[in-house]
Amino acid sequence: MVAAVGTALSYALAGRPAFATGAAGIAALTLVLRNKFIPMMDQLAPLIVAQKEAAIPAFRQIHTSAILINTCQLLAILGSLGMV
């Protein structure tokens with residue numbers, strides 16, 4: 001997240017608003033993952049250990065969503081490399 005915020009500030013100072021917005025979006029998605037997804041997965045962990053059957057599909061769904069968000073972030077970064 002620190003790198004994304006630094007990148008957004010750097011692009012903003014360089015007069016590249018589209019890139020600054022993209023980097024800020026990556027930072028925002030990182031905050032969502034950290035503040036929403038991780039706590040939900042942490043709440044499900046003890047239920048999985050206790051072998052609560054419903055916890056495993058819920059964990060997988062949250063984890064899959066987090067992986068998709070991370071993949072989108074990575075693709076955005078890789079896509080922007082050719083434009084810089």
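Residues numbered from 1 in each chain as written. Predicted model: local features only at pLDDT ≥ 70, side-chain atom pairs only at ≥ 80, totals over all residues. Heavy atoms only, no water.

Q: Break down unusual backbone geometry for me, with residues and values.
A: Apart from glycine, the bulk of residues carry a negative phi angle, and the bulk of peptide bonds sit in the trans form. In this structure, Gln 51 is a non-glycine residue whose phi angle is positive, near 60°. Its location among the elements puts Gln 51 in the loop between α2 (17–49) and α3 (55–81). According to the relative accessible area criterion, Gln 51 is exposed, its value standing at 67%. (Helix = DSSP H or I, 4+ residues; strand = E, 2+ residues; numbered from the N terminus. Buried < 20%, exposed > 50% of the residue type's maximum accessible area, 1.4 Å probe, protein only.)

Q: Can you explain a nonpolar patch on the surface? Please cite residues and give values.
A: On the surface, Leu 74, Leu 75, Ile 77, Leu 78 and Leu 81 cluster together into a nonpolar patch covering about 490 Å² of accessible area. In this fold, Ile 77 is placed in helix α3. The exposure class of Ile 77 is partly exposed, given its relative accessible area of 40%. (Patch = residues over 30% accessible without salt bridge, like charges linked within 9 Å, V, L, I, M, F, W, Y side chains within 5 Å. Areas by Shrake-Rupley, 256 points an atom, 1.4 Å probe, with all protein chains shown as cover. Salt bridge = Lys/Arg side-chain N within 4 Å of Asp/Glu carboxyl O.)

Q: Which residues make up the layout of surface pockets, and what values do they have?
A: Of the pockets and cavities examined, the largest pocket occupies roughly 270 Å³. Those elements that provide at least two residues to the lining of the largest pocket are α1 (2–13), α2 and α3. Broken down by element, the residue count for the lining of the largest pocket peaks at five residues, all from α2. Residue composition of the lining of the largest pocket, by class: eleven nonpolar, three polar and no charged. (1 Å grid on protein atoms, 1.4 Å probe; cavity = no way out; pocket = protein on both sides within 12 Å on 5 of 7 lines; lining within 4 Å. Points joined across faces, edges and corners; volume = space filled by probe spheres on them. Nonpolar A, V, L, I, M, F, W, Y, C, P; charged D, E, K, R; others polar.)

Q: Give me the nonpolar core: which residues, what numbers.
A: Counting residues in each nonpolar core, the largest one holds eight residues, listed as Leu 33, Phe 37, Met 41, Leu 44, Ala 55, Ile 62, Ala 66 and Ile 69. For this core, the secondary structure elements donating two or more residues are α2 and α3. (Core = buried A, V, L, I, M, F, W, Y, C linked by side-chain atoms within 4.5 Å.)

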